[in-house]
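So the chains spell out like this:
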Amino acid sequence: MLYISLCLCLCLSLFSLSHSFLLPGIRKIDETHPCANFKYIKDKPVRDLAGEEFLRMHGAEKEGLIQMSLSMDKHGSKDTYLEEIKTFFYRDEFSQLVQSWNEQRMIILNYTLNNLLYPVLAEQLKRKMLEESTLHVLKKCKVKLRNCTQMAPYAVENMDESGNNGVRILGFCIRDAGEDKPGYGILINGAGAVEETITLSYFKYSSKGNTELAKKKEADMEKLREFLLEHKPHVVGLGCEGRALQYQREIQDVITSLEQQHQIDPITIELVDPTVSRIYKESNRAQVEFPNYTPEQRMAVSIARRLRDPLVEFTQLMNFSNDVLSIPWHSLQRFINEERLLRWLTQEFVTLVNNVGVDLNFAVEHYHYQNMVQFVCGLGPRKAAALLKLLKQHTEHLESRALLVQEFKLGSRVFLNCAGFIKVQHSREDSLSDNFQLLDSTRIHPETYIWAEKMAIDALEYDEDDEDDNNVKQRALEEIMDDPEKLLDLDLDAFNTELKRQEYPDKRITLYDIRDELTNRFADKRSPYHGLTDEEKFYLLSNESAEGFKEGSIVQCVVVGIARRKPKGDEPDIQPKRNEATGMWQCPLCLRDEFPELSEIWNHFDTSGSCPGQAVGVRVRLNNGISGFIATKNLSDQKVTNPEERVKIGKQIDAKVLRVNFEKVSVDLTCKTSDLNNTDEKNRDLYYDTEAADQEKKAKEAKKNKKEKSTDCDSALIPLL
């Protein structure tokens, strides 16, 4: 093993990587392909490979696009490793016999290195680099899961009820007009239970140009207005997809009119990532919970619950079908073993769920929350399912953690592992029970209850004789939780010193954690809720990724109109021109040349307002639905005065992204030939093989010219035939 490790270290120092492209790779890997930035690699030291780079190369090789080769020596270099080490085997003598033996030694050494040692080292090195890049991607998947779920539930300021129990959330699923399906709204309460539904069959349609549709849409708008006025949700959740921005504006208009006419409390509209909801609506779990709902209704429920608690909604996909693997965690996850990715995601769910805690009583009452229980430390899917089944059969309400061992036969080891992460919310009746323990509603572990009780009694300066009275302990805990500032007077370091004297290990951190928990029981340590950023909205609406759609990307788009700048009254130095051949005057802004008299131009410009203005560019629609703009100066390398002479509405063109405007959900483009042919060198690999790239470019041009010549010859032969 030591020899292998040393050899791998040697490999990292000396081996270099090169690519040779297979025929499918030459055809498929263009400037928009993920592998474009390392399309041609030559003699790249493997020590310079970073992050997920090797896994991407390995994936391209697996798909038959490229062929990787690891070599100890650079191509065409005379300073080979063989030349470097041959002095150790070479005898510097001049006799013919010695020279003959030297030749034999070099033959053997060359064979040993190239046929025995190098292939083994290259294979070991590939496995090592593949493992490292795979680990990098797995860590990124965990980080993405953490970022998606480490956000507290949507909260409303100045609510009478504590927490999110009173938050009413209306989730909408509205398909685009092309899909013959109505829009659905589902209202849930703070517990995530469905309260009301609304169906809007014509809300998604445009009311322009169709009187009948306009009436039906207005009826839907009035229906929505009455629903909002009656139920007064605190927030409306809308899936961030398709025409969500338009729907958001229309719903906001309804809310604004209600606020003005009926003085209702403000209702906010939040765009929600619909990725989880799309998967959930088709899952077996959703069909069990809502057997009579359509997939769109189930999706609306999921959107609303995503606002209520993202972590709970993500756990819905951790089921026997492993629906969680359907989420696009990373662009390279298809090259990772599914079982391994699932293990990593499960480990992260365990961390996330235990940081928040699980309410068993709430899980018994609410089906959608039950998947959380399996991630409690010490349980797992099998024990969690058995525990929930026993709780449903034998009790309506769990009064204390101790009953898990006493009545539900939870093993002592399992209990010690899970107890601190299970919270038991108490009712007034629970306080009268013999099993009542106020600390069960905290993160404090049962093993340290005695220290928490001691801290409460000392902070309140109770008599030491009362420390054995359980009623006194519970009263002290209740009083100290109502007024936790008294805990600040305790000297916890002195308490820790006393515990050490009693042969306990250092418990200083534990004591401070107990004080924090008594101050704020099971406080949600996740970051406060925040809406989607403009960048997140852009990529969700376009169904693109930051990796695949960015400045420099080549896109296809369709011309939808000419952008014009309206004339202003103070337009300086407008000079109409006269066509000497026709005698007609031309407007210098819209370039119309059909005015026989100069006065008609001034009337066209000043009075009638019929001048559409000067053309400043072209409006286009990308294939992903995003709108784009091509300025006149970026239409061609040659000067363009009138864009309509260059492009026609409905024409499909290739363009390059100059700038992405996340706020306006649009892009600025160029379709200059020079810009399209100019590859973005800043994204190229440092070891990019320019020579090979030029050869491919020349081969493509030669093939194109040959095809054009063949076409010209065929055209010339047609009259002869």
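Residues numbered from 1 in each chain as written. Predicted model: local features only at pLDDT ≥ 70, side-chain atom pairs only at ≥ 80, totals over all residues. Heavy atoms only, no water.

Engineer: Quick question: what am I supposed to make of the overall build of the chain here?
Structural biologist: Within the chain one finds 24 helices and 17 strands. The buried share among the 721 residues of the chain stands at 45%. Partitioning the intrachain contacts of the chain with sequence separation of at least 6 by distance along the chain shows that 67% fall at a separation of at least 24. (Helix = DSSP H or I, 4+ residues; strand = E, 2+ residues; numbered from the N terminus. Buried < 20%, exposed > 50% of the residue type's maximum accessible area, 1.4 Å probe, protein only. Contact = heavy atoms within 4.5 Å.)

Engineer: Help me out: how do you make sense of the pairing of strand 4 (residues 169-173) in this one?
Structural biologist: Every regular strand shows the same layout, with side chains that alternate between the two sheet faces. Within strand 4, five of the five residues are buried, which leaves the element mostly enclosed by the surrounding structure. Of the two faces of strand 4, the one carrying Ile 169, Gly 171 and Cys 173 and the one carrying Leu 170 and Phe 172 are both buried. Summarising the sheet, strand 4 and strand 5 (residues 183-188) pair through five bridges and their orientation is antiparallel. Within the sheet, the bridge partner assigned to Leu 170 lies in strand 5 and is Leu 187. Sheet topology places strand 4 next to strand 7 (residues 235-239); four bridges connect them, and they run parallel. Across the sheet, Gly 171 pairs through a bridge with Gly 237, a residue of strand 7. (Pairing = 2+ DSSP bridges.)

Engineer: What's the story with the side chain of Ser 441 in this structure? I'm lost.
Structural biologist: As for its placement among the helices and strands, Ser 441 is situated in the loop between strand 10 (422-423) and helix 17 (449-460). Among the polar contacts made by the side chain of Ser 441, one reaches the main-chain carbonyl oxygen of Leu 438 at a distance of 2.8 Å. (Polar contact = N/O pair within 3.5 Å; in protein donor to acceptor, adjacent residues only side chain to side chain.)

Engineer: Help me understand the sheet that holds strand 6 (residues 194-200) in this model?
Structural biologist: Within a sheet, neighbouring strands are paired by backbone hydrogen bonds and run either parallel or antiparallel to one another. Taking strand neighbours across the sheet as the criterion, the five strands line up as 6-5-4-7-8 in an open arrangement whose pairing is mixed. The open sheet has two free edges, formed respectively by strand 6 and strand 8 (268-272), since each of these has just one partner strand. Going from strand to strand, the sheet's axes swing by 20° on average, the running direction of each strand aside. Note: strand 7 against strand 8, five bridges, orientation parallel. Across the sheet, residue Leu 238 finds its bridge partner in strand 8, namely Leu 271. Taken strand by strand, helix 6 (residues 211-231) contacts strand 4, strand 5 and strand 6, and its axis lies near 165° from that of strand 6. (Axes fitted to C-alpha atoms, helices over the stretch in contact; angles between N-to-C directions.)

Engineer: Can you walk me through the side chain of Arg 308 in this structure?
Structural biologist: The residue Arg 308 is located in helix 10 (residues 295-308) in this model. Notably, Arg 308 is buried but unbridged: the nearest opposite-charge side chain belongs to Asp 309, and the N-O separation is 4.4 Å. Here the side chain of Arg 308 touches Gly 190 through a polar contact of 2.5 Å, landing on its backbone oxygen. (Lys, Arg positive; Asp, Glu negative; His and termini not counted. Salt bridge = Lys/Arg side-chain N within 4 Å of Asp/Glu carboxyl O.)

Engineer: For this particular structure, what's the right way to read the pattern of salt bridges?
Structural biologist: Side-chain pairing between opposite charges can occur once the charged atoms of the two side chains come close. For the structure shown, the criterion picks out 22 salt bridges. With its nearest N and O atoms 3.3 Å apart, the salt bridge here joins Lys 181 to Glu 296. Highlighted residues: Lys 181 in the loop between strand 4 and strand 5 and Glu 296 in helix 10, separated in sequence by 115 residues. Residues joined in a network through salt bridges with shared partners are Glu 52, Arg 56, Lys 140 and Glu 547.

Engineer: What should I look at first to understand a negative patch on the surface in this one?
Structural biologist: A cluster of acidic residues, Glu 195, Glu 196, Glu 226 and Glu 230, forms a negative patch on the protein surface. Looking at the negative patch, the elements with two or more residues in it are strand 6 and helix 6. Mapped onto the fold, Glu 195 is located in strand 6. Here Glu 195 falls in the partly exposed class, since its relative accessible area comes to 41%. (Patch = residues over 30% accessible without salt bridge, like charges linked within 9 Å, V, L, I, M, F, W, Y side chains within 5 Å. Areas by Shrake-Rupley, 256 points an atom, 1.4 Å probe, with all protein chains shown as cover. Charge placed at Lys NZ, Arg CZ, Asp CG, Glu CD.)

Engineer: Please explain the packing of helix 17 against helix 20 (residues 508-519) as it appears in this structure.
Structural biologist: How two helices pack is summed up by the angle between their axes together with the distance between the axes. With their axes 10 Å apart at the nearest point, helix 17 and helix 20 run at an angle of 65° to one another. Our pair here, helix 17 against helix 20, has a crossing hand that is right-handed. Here Trp 451, Ala 452 and Met 455 of helix 17 come into contact with helix 20, specifically with Thr 510, Leu 511, Ile 514, Arg 515 and Leu 518. Taken together, the residues of the contact of helix 17 with helix 20 break down into six nonpolar, one polar and one charged. (Left-handed = near helix turned anticlockwise from the far one by under 90°. Nonpolar A, V, L, I, M, F, W, Y, C, P; charged D, E, K, R; others polar.)

Engineer: What's the story with the nonpolar core in this structure? I'm lost.
Structural biologist: Val 324, Trp 329 and Leu 404 are the most contacted members of the largest nonpolar core, which has 71 residues in total. Counting residues per element, this core draws most heavily on helix 12 (residues 338-356), which supplies eight residues. The residues contacting Leu 404, other than those within four sequence positions of it, are Leu 360, Leu 387, Leu 398, Lys 409, Leu 410, Phe 415 and Ile 422. Listed in part, the 50 residues of the second largest apolar core include Leu 271, Val 555, Ile 626 and Ile 630. (Core = buried A, V, L, I, M, F, W, Y, C linked by side-chain atoms within 4.5 Å.)

Engineer: I'm lost on the packing of aromatic side chains in this one. Help?
Structural biologist: Within a pair of aromatic rings, the relevant descriptors are the distance that separates the centres and the angle that separates the planes. Summed over all chains, the structure comprises twelve aromatic pairs. On the basis of an interplanar angle of 80° and a centroid distance of 5.3 Å, the ring pair of Trp 451 and Tyr 504 is categorised as edge-to-face. Within this pair, whereas Trp 451 is found in helix 17, its partner Tyr 504 is found in the loop between helix 19 (492-501) and helix 20, the two being separated by 53 residues in sequence. On the basis of an interplanar angle of 40° and a centroid distance of 5.8 Å, the ring pair of Phe 538 and Phe 549 is categorised as tilted. Taken together, the residues span a long stretch of sequence, with Phe 538 in helix 21 (residues 534-542) and Phe 549 in the loop between helix 21 and strand 11 (554-565) at a distance of eleven residues. The buried category is assigned to Phe 549, whose relative accessible area is 2%. The rings of Phe 538, Tyr 539, Phe 549 and Phe 662 are connected pair by pair, giving a single aromatic cluster. (Phe/Tyr/Trp six-rings, centres within 6.5 Å; stacked < 30°, edge-to-face > 60°.)

Engineer: Where do I start with helix 18 (residues 470-482) in this structure?
Structural biologist: Three- or four-residue spacings in an α-helix give side chains the same orientation, since the helix completes a turn every 3.6 residues. Taking 1.5 Å of rise per residue, 13 residues should cover 18 Å, and helix 18 covers 18 Å from first to last C-alpha, within 8% of that figure. Looking only at helix 18, the buried set comprises Val 472, Lys 473, Gln 474, Ala 476, Leu 477, Ile 480 and Met 481. Buried positions along helix 18 lie against helix 17 and helix 20. (Expected span 1.5 Å × (residues − 1).)

Engineer: Where do I start with the environment of Tyr 687 in this structure?
Structural biologist: Tracing the backbone through its elements, the reader meets Tyr 687 in the loop between helix 23 (673-677) and helix 24 (690-720). Taking the C-alpha atoms as reference points, Tyr 687 and Ile 41, 646 residues apart in sequence, are found 5.6 Å from one another. Each residue touching Tyr 687, except ones within four places of it in the same chain, is listed here: Tyr 40, Ile 41, Lys 42, Asp 43, Lys 44, Pro 45 and Asp 48.

Engineer: Honestly, the environment of Ile 269 in this entry has me stumped. Any pointers?
Structural biologist: Here Ile 269 is to be found in strand 8. Using a relative accessible area of 10% as the deciding quantity, one classes Ile 269 as buried. A C-alpha to C-alpha distance of 6.0 Å links Ile 269 and Gly 237, two positions 32 residues apart in sequence.

Engineer: Where do I start with empty space enclosed by the protein in this structure?
Structural biologist: Gaps between atoms show up when a probe of the same size as a water molecule is rolled over them. The full count for this structure, using the stated rule, is one cavity of 30 Å³ or more. Space inside the largest cavity adds up to approximately 40 Å³. Lining the largest cavity are Phe 172, Cys 173, Ile 174, Leu 238, Gly 239, Glu 241, Ala 244 and Tyr 247. Among the secondary structure elements, those contributing two or more residues to the lining of the largest cavity are strand 4, strand 7 and helix 7 (244-262). Here the lining of the largest cavity is built from residues that sort into six nonpolar, one polar and one charged. (1 Å grid on protein atoms, 1.4 Å probe; cavity = no way out; pocket = protein on both sides within 12 Å on 5 of 7 lines; lining within 4 Å. Points joined across faces, edges and corners; volume = space filled by probe spheres on them.)

Engineer: Looking at this structure, how should I read helix 5 (residues 96-149)?
Structural biologist: The end-to-end C-alpha distance of helix 5, which contains 54 residues, comes to 77 Å, matching closely the 80 Å that a straight helix rising 1.5 Å per residue would cover. The principal kink in helix 5, of about 40°, is found at Leu 117, preceding the proline Pro 119 by one to four residues. (Bend = angle between axes of the 7 residues up to and from the residue.)

Engineer: How should I be thinking about the packing of helix 17 against helix 18 in this particular structure?
Structural biologist: Remark: helix 17 packs on helix 18, axes separated minimally by 9 Å, with the N-to-C direction vectors making an angle of 70°. Of the possible angle classes, the one that applies to helix 17 and helix 18 is roughly perpendicular. Each of Ala 452, Glu 453, Ala 456, Ile 457, Ala 459 and Leu 460 in helix 17 lies in contact with helix 18, whose residues at this interface are Lys 473, Gln 474, Ala 476, Leu 477, Glu 479 and Ile 480. When the residues that make up the contact of helix 17 with helix 18 are grouped by side-chain class, the tally is eight nonpolar, one polar and three charged. (Parallel < 35°, antiparallel > 145°, perpendicular 65-115°, else oblique.)

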